[in-house]
Amino acid sequence: MTTDTPIAVEANCETGEITSRPLTAEEIAAAKAAAAQYEADAKAKADADAAIAKAKASAAAKLAALGLTADEVAALVG
Amino acid sequence: MANPTYTLIQSVTLTTSTATVTLGSGGTIPQNYTDLQILFSARTDRASQPADDLQISFNGSTSSFSQIRIYGTGSGAGSDSNYASGRQIGITDGAGATSNTFGSFSLYIPNYAGSTYKSFSTDSVSENNATGAFQELSASLWSSISAITSISFTSTSATNFVAYSNFYLYGIKNS
């Protein structure tokens, strides 16, 4: 585990000067909050995708039980 | 002699791990071009993952962004909108990608100096000698009438860009 403070690299387009500085505590907190939100968004999307896949599989099984061919099931819920 | 229509404004090559890269710090992006294009080659230190999502801010603002995208994962494809609060703009390599490879990225911002909302588009790919190689096209909107004077890039997972990632900002004129 690293304890190094994250840095920002900043380029001034008027002078061409490139500087680096440590992120402020506020910037680090904001980045961590954004990352937590991103993780939550990613999990929510994965859960939603999994729920859709599960519903499709269930629908396909029920249609097959009604006598539809595999091609017909795929045409409906493929 | 014709006026130059595609001009390199700034280039940055990282020499150490960096959380945030800002082009035009202090609001110094020149306002005398028609459009901007940013090309970059980047990799992050996101552990165990072949790719990492990137996000953007303009003029230090992280609000009023919206986005829609299509993407491929190497084994499937999908689409969604407003991922990561609408600031996600694409993907690049993470630490789990093939060693010493970098993702490629293009961002185009028309009418960046105008006083209407700013639309922009991106295309990006990750580089990985395995199934998990990603591609993405996105269309985004920054609902602000402010001219864009600085642009910052970070990863959505608060990781670092690694050394040798590089960023190029070009200005484009229509005459």
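Look a little higher up for the structure.
Residues numbered from 1 in each chain as written. Chains lettered and ligands numbered in written order. Predicted model: local features only at pLDDT ≥ 70, side-chain atom pairs only at ≥ 80, totals over all residues.

## Comments concerning the overall build of chain A
Secondary structure assignment for chain A yields 2 helices and 2 strands. When the elements of chain A are put in sequence order from the N terminus, they spell out β-β-α-α. In terms of overall size, chain A is more extended than a compact globule, its C-alpha atoms giving a radius of gyration of 25 Å where 78 residues would be expected to give roughly 12 Å. A principal-axis box enclosing the C-alpha atoms of chain A has dimensions of 70 × 30 × 20 Å. In chain A, which comprises 78 residues, the proportion classed as buried is 9%. (Helix = DSSP H or I, 4+ residues; strand = E, 2+ residues; numbered from the N terminus. Rg over C-alpha atoms; globule rule 2.2 N^0.38 Å. Buried ≥ 20, exposed ≤ 12 C-beta atoms within 10 Å, placed from the backbone.)

## A short note on the overall build of chain B
Across its full length, chain B holds 0 helices and 12 strands. Listed by position from the N terminus, the elements making up chain B come as β-β-β-β-β-β-β-β-β-β-β-β. Taking 16 Å as the expected radius of gyration for a compact globule of 175 residues, we find that chain B reaches 16 Å, a close match to that expectation. The dimensions of chain B, computed from C-alpha atoms along their principal axes, are 45 × 35 × 30 Å. Long-range contacts, defined here as pairs at least 24 residues apart, represent 81% of the contacts in chain B between residues at least 6 apart. (Contact = placed C-beta atoms within 7 Å.)

## A word on the interface of chain B and chain A
Listed by partner, the interface residues are 25 residues for chain B and 20 residues for chain A. At the level of secondary structure, the elements contributing two or more residues to the side of chain B that touches chain A comprise β1 (6–13) and β2 (20–23) of chain B. Here the element with the most residues in the side of chain B that touches chain A is β2(B); it accounts for 4 residues. Here the residues of the side of chain B that touches chain A are counted per class, giving 11 nonpolar, 13 polar and 1 charged. Pairing geometry for strand β1 (residues 7–11) of chain A and β2(B), over 4 bridges, is parallel. Residue pairing in the sheet places A:Val9 in a bridge with B:Val21 of β2(B). (Nonpolar A, V, L, I, M, F, W, Y, C, P; charged D, E, K, R; others polar. Pairing = 2+ DSSP bridges.)

## A closer look at helix α1 (residues 25–65) of chain A
An ideal rise of 1.5 Å per residue puts 60 Å on 41 residues; α1(A) measures up with 60 Å between its terminal C-alpha atoms. Of the positions making up α1(A), those classed as buried are A:Ala31, A:Ala34 and A:Tyr38. Elements in contact with the buried residues of α1(A): β11 (151–155) of chain B. Immediately beyond the C-terminal end of α1(A), within one or two residues, lies A:Gly67, with a positive phi of roughly 110°. (Expected span 1.5 Å × (residues − 1).)

## Notes on the sheet that holds strand β9 (residues 118–125) of chain B
Residue and element names in this part refer to chain B. The 8 strands are arranged β1-β12-β3-β8-β9-β10-β5-β6 in an open sheet whose pairing can be described as antiparallel. Looking along the sheet, the strands with just one partner apiece sit at the ends: β1 and β6 (77–81). Sheet twist, expressed as the mean angle between neighbouring strand axes with direction ignored, is 15°. One ladder, built from 8 bridges, connects strand β5 (residues 65–72) with strand β10 (residues 135–142); its direction is antiparallel. From the neighbouring strand, Gly72 faces β10, where its bridge partner is Gln135. (Axes fitted to C-alpha atoms, helices over the stretch in contact; angles between N-to-C directions.)

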